[in-house]
Amino acid sequence: MTHEYIVWGCGHGQNATAILLLMVAMACMGVPVTAQVPSPSIPPESPSPPVTCNFANTSTISSNWCNYNEQSSTESLTLGCKSFLTNSSVPAPSTECCQGFNSIANKSTACICMATFYPPATHNMTRQLELPRLCGLKTDLCGQCPTFLVSRSNATASPYTGRSVASTVGAISLAVVFGLLLVGGIITMIIVFIKKRRAKKNPPGIFEAPPPGGAF
């Protein structure tokens, strides 16, 4: 911000030098003398926190937090990261990779946790853990990801390969309906078979027409 300070005034003196007279003249004419006030510096943006933790393979991210459809979306949006994560000659993740990675982070922290700590076996794990920092992710994954963990024995879906709870319930329901129809068909066949057996054992009586003119 700039402030202007204008000095007004005329001085007289018998022993004034030419320079002093010139300065006084400039002041009398209203020539401003400006002083620059330094603007406050903006603190640099805090760097992304490094991922310094890891989780055991006996645990995974619960599908209640990152379901099958969200896992598929994560895979699709991070396809651009594959070259960096599988090829050591690629020096850094691409812009497309980081855009997709941060897009997922804005929607689901749990899915970023799954992608970071439980990637496909073909990914370089060291590079996978570096990816959040290289893409500028501000989320503290080591602090937040443990809240989404479950034991693999209790997990409703395994990462990137599991089936969602909804699809599992749908398959069970379909199996139950098919089973009921099958049982109903078997019962119907048994009933028809029993009726036929009874009909053979007890044939209907032979009907004889009355003679002409009546029975008498």
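Calculation rules
- Residues numbered from 1 in each chain as written.
- Predicted model: local features only at pLDDT ≥ 70, side-chain atom pairs only at ≥ 80, totals over all residues.
- Heavy atoms only, no water.
- Disulfide = S-S within 2.5 Å.
- Helix = DSSP H or I, 4+ residues; strand = E, 2+ residues; numbered from the N terminus.
- Buried < 20%, exposed > 50% of the residue type's maximum accessible area, 1.4 Å probe, protein only.
- Core = buried A, V, L, I, M, F, W, Y, C linked by side-chain atoms within 4.5 Å.
- Contact = heavy atoms within 4.5 Å.
- Polar contact = N/O pair within 3.5 Å; in protein donor to acceptor, adjacent residues only side chain to side chain.

1. Points about the state of the cysteines
Cysteine pairs can be linked by a disulfide, which is a covalent bond between their two sulfur atoms.
Here comes step 1: Taken as a whole, this structure holds five disulfides when the rule is applied.
Here comes step 2: The disulfide partner of cysteine 53 is cysteine 142, and the S-S distance across this bridge is 2.1 Å. Between cysteine 53 and cysteine 142, the disulfide has an S-S torsion of -100° and is therefore left-handed. Taken together, the positions of cysteine 53 in the loop between β2 (33–36) and β3 (59–61) and cysteine 142 in helix α7 (residues 141–144) put the pair 89 residues apart, joining distant regions of the chain.
Here comes step 3: Judged by relative accessible area, which is 22%, cysteine 142 ranks as partly exposed.
Here comes step 4: At a sulfur-sulfur separation of 1.9 Å, the disulfide partner of cysteine 81 is cysteine 97.

2. Quick look at the nonpolar core
Here comes step 1: With 28 residues, the main nonpolar core has Ile61, Ile112, Phe117, Leu131 and Leu141 as its most contacted residues.
Here comes step 2: If you tally residues by element for this core, the top one is helix α5 (residues 109–117), at six residues.
Here comes step 3: When sequence neighbours within four positions are dropped, the list of residues in contact with phenylalanine 117 reads Val51, Cys53, Asn54, Phe55, Met125, Leu129, Leu141 and Cys145.

3. Section: helix α6 (residues 125–134)
Here comes step 1: Within α6, burial applies to Arg127, Gln128, Leu129, Leu131 and Pro132.
Here comes step 2: The inward-facing, buried residues of α6 abut α3 (82–86), α4 (95–107), α5 and α7.
Here comes step 3: Of the residues flanking the start of α6, the one acting as N-cap is asparagine 124, its side-chain oxygen 3.0 Å from the backbone nitrogen of threonine 126.
Here comes step 4: Just beyond α6, the residue with positive phi is glycine 136, at close to 75°.

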